[in-house]
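Structural features, examined
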Amino acid sequence: MTATLVAPAHPRVAAIGPNWFASVMGTSIVATAAVTLPVQLPGLRLLAQVVWVLAGVLLVAVSAATVAHWRHHPDAARAHASNPVMAHFYGAPPMALLAFGVATQLVGADLVGEGAALGVFAVLWVAGTVSGLVTAVAVPYLVFTRHDVPEDAAFGGWLMPVVPPMVSAATGALLVPELPAGQLRTTVFTLCWSMFGLSLLASLVVITLVWGRLARHKVGAAAMVPTLWIVLGPLGQSITAANNLGTQAHLAVPEPYASAFRAAGLVYGLPVWGFALMWAGIAAAVTVRTARARLPFTLTWWSFTFPVGTVVTGTSGLAAHTGEVFLQVAAVVLFAGLLVAWGTVAIRTARGVLDSSLL
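First things first, this report covers the structure right here in the doc. (Residues numbered from 1 in each chain as written. Predicted model: local features only at pLDDT ≥ 70, side-chain atom pairs only at ≥ 80, totals over all residues. Heavy atoms only, no water.)

**Side note on the environment of H321**
Note the threshold: Helical segments are the DSSP runs of H or I of at least four residues, strand segments are the runs of E of at least two, and each set is numbered from the N terminus. Whether two residues are in contact is decided by their heavy atoms, any of which lying within 4.5 Å being enough. Polar contact is defined as a pair of N or O atoms within 3.5 Å, subject to the rule that within protein one atom must be able to donate a hydrogen and the other to accept it, and that residues adjacent in sequence are counted only when both atoms are side-chain atoms.
Along the polypeptide, H321 turns up in helix α10 (residues 306-322). Between the C-alpha atoms of H321 and R262, which are 59 residues apart in sequence, the distance is 9.1 Å. When residues no more than four places from it in sequence are discounted, the contact partners of H321 are N243, T247, R262 and L266. Side chain to side chain, H321 and T247 meet in a polar contact 2.8 Å long.

Written out as structure tokens, the structure is:
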């Protein structure tokens, strides 16, 4: 009796994993960053609207492909949790929901109306927050109990499962003024700050591990170099969260706490902004060095988008609270870099899907 090999019925979704949701994250943050810049240039609003629509299409397409993947390749889908690299990217789906949700509130309202936009934002915020808290616990649990983790395993992707609560904190701040005054509003506000702390402390642990791995084992595989940019994610998003929550503090807590929370946006944000720029310089130098040899295109290139976008929104928040011209200029310059990165990665991804090289 001879064995025969049967090709998968749906080979185009065989390689779909949670990392594909990074495309939704990276596209949504472009729309959000565009409308929150301290300097609004002609055409920015239209650009944000176009990108928001594209982000919505991507969210639907990637979600559908993920469902098809689980249906037709269940063994491969379940294996992702056992993979010590892929498992960390389970943090991408919650952040995709959160990123698209806030973009809908800020940009999508122009096209679908304020009521519908708020409804989508609220639903996606709850779904993204709950699933993000699950990944923040479940993925580290798998690392601690099941995954085989060599000494040189730490990489930027380790931040993916613990950053979603920070995204919830940053975006939840925009939900606070939409809630009725009273216990519910205060509860959401305090939970956002708690998620800020959860993600910040966990991220500091992981960033330290990544730094130590780089110092002892150097850069490693070229395909993983873009993940160094993920470190900017918790840094930029925490600056954004601190400033967004500080702005809404007077609606949720009394004085003197409201003023203290507002001051925290600058007292925390400015020093962390400096570290973010330092890390961006290191990541850029390593990326250029690697590209001179060879930097193969993979989905890790989406690490050039969302993390940089969070630094843009964080810089915009600092500029709004200080009125500093240099921060306004920095926000615009960083946004220009984000646009170039997003355009490059989006085109390369579309090409890879069309010729099936990414599938």
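**Quick look at helix α7 (residues 183-217)**
Quick reminder of the rule: Working rule for helices: expected span equals 1.5 Å times residues minus one.
With 35 residues, α7 should reach 51 Å at 1.5 Å per residue; the first-to-last C-alpha distance of 50 Å fits that figure. At the exit of α7 stands K218, carrying a positive phi of roughly 70 degrees.

**Here we look at the nonpolar core**
What counts, and what does not: For our purposes a nonpolar core is just a set of buried Ala, Val, Leu, Ile, Met, Phe, Trp, Tyr and Cys residues, chained together by side-chain atoms within 4.5 Å. Burial classes follow relative accessibility: with a 1.4 Å probe on protein chains only, a residue under 20% of its type's maximum area counts as buried, one over 50% as exposed, and anything between as partly exposed.
Counting residues in each nonpolar core, the largest one holds 106 residues, and the members touching the most others are W125, L159, F189, F196, L232, W279 and F335. At 11 residues, the largest contribution of residues to this core is made by α7. Apart from the residues lying within four places of it in its own chain, the contact partners of W125 are L98, S168, T171, G172, L175, V188, C192 and M195.

**Some points on the environment of G309**
Inspection of the secondary structure puts G309 in helix α10. On the basis of relative accessibility, which here comes to 0%, the residue G309 falls in the buried class. Here the alpha-carbon distance between G309 and A154, two residues 155 residues apart in the chain, equals 23 Å. The contact partners of G309, leaving out residues within four places of it in the chain, are I29 and L338.

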